[in-house]
Amino acid sequence: MSLTTEMLQSLVGIESEVTKGTDEVCRPMIRHYCEVMEDANPLYHDDAYAKQSRYGEIIAPPTQVQVYTMNPLWPKVEREKNSMENLVDLLKSHGYSSIVATAQEQEYFEPMKIGDEISYTLSVKEISPLKQTARGPGYFSTFLYTFINQRNEVVCKQSFTILSYQAQVQE
């Protein structure tokens, strides 16, 4: 069966179940992240400074949001595939097996505080028509992550776009 626009569009707008993050927001992970990023913002490590801020306590860097929801490498987490994985599998089964990330945007809302439990939902936001690119023919797919804390407050909305393409052999 050939890949149709209807097959692709049937995956758009379906929001996943809430996926709970593995780890709570915590000082060690904030410290490790700040060390790697060389981020010296006192909101992330200085209790006295953070207490006097509008947050009243230490917060995590907002760009760290996805860290708290990543599956562990071991043991493997068993779960149903989400809409992004289903779309990637569908495209792969039709020969669009090479992938490159092309864009990511984040919008921040509530800060992440020590002890927060971050979860997310994911949906396919849009899929382009077939495009001819320098890498080969392919589809641009944009996914929308909505990250929430245990109080069901939105922490971050993230769009993530990939190109799934049929790699062309260079002669």
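Residues numbered from 1 in each chain as written. Predicted model: local features only at pLDDT ≥ 70, side-chain atom pairs only at ≥ 80, totals over all residues. Heavy atoms only, no water.

A. Representation of helix α2 (residues 27-37) in the model. All of the buried residues along α2 are Ile30, Tyr33 and Cys34. On an axial view of α2, the arc spanned by its buried residues comes to 95°, and they lie on one face. Immediately beyond the C-terminal end of α2, within one or two residues, lies Glu38, with a positive phi of roughly 55°. (Buried < 20%, exposed > 50% of the residue type's maximum accessible area, 1.4 Å probe, protein only. Helix = DSSP H or I, 4+ residues; strand = E, 2+ residues; numbered from the N terminus. Arc of directions from axis to C-beta.)

B. Structural context of the nonpolar core. Counting residues in each nonpolar core, the largest one holds 34 residues, and the members touching the most others are Leu8, Ile30, Leu87, Met112, Ile118, Phe143 and Phe147. Look past the residues within four positions of Leu87 in its chain and what remains in contact with it is Leu8, Leu11, Val124, Ile127, Ser141 and Phe143. (Core = buried A, V, L, I, M, F, W, Y, C linked by side-chain atoms within 4.5 Å. Contact = heavy atoms within 4.5 Å.)

C. Up close: the pattern of salt bridges. Here the structure, examined in full by the defined rule, presents eight salt bridges. Glu57 is the salt-bridge partner of Lys113, the closest N and O atoms lying 3.6 Å from each other. In this pair, Lys113 is assigned in the loop between β2 (98-108) and β3 (117-127) and Glu57 in the loop between α3 (47-52) and α4 (83-93), connecting sequence segments 56 residues apart. On the basis of relative accessible area, Lys113 is assigned to the partly exposed category, the value being 21%. A relative accessible area of 33% means that Glu57 is categorised as partly exposed. Among the salt bridges present, the one from Asp116 reaches Arg151, with a minimum N-O distance of 3.2 Å. (Salt bridge = Lys/Arg side-chain N within 4 Å of Asp/Glu carboxyl O.)

D. Representation of the state of the cysteines within the structure. Evaluation of the coordinates by the stated rule reveals zero disulfides. There is no disulfide at Cys26, and the cysteine sulfur nearest it, in Cys34, is 12 Å away. Cysteine Cys156 is unpaired, with the sulfur of Cys34 as its nearest cysteine sulfur at 16 Å. On the accessibility criterion, Cys156 (0% relative accessible area) is buried. (Disulfide = S-S within 2.5 Å.)

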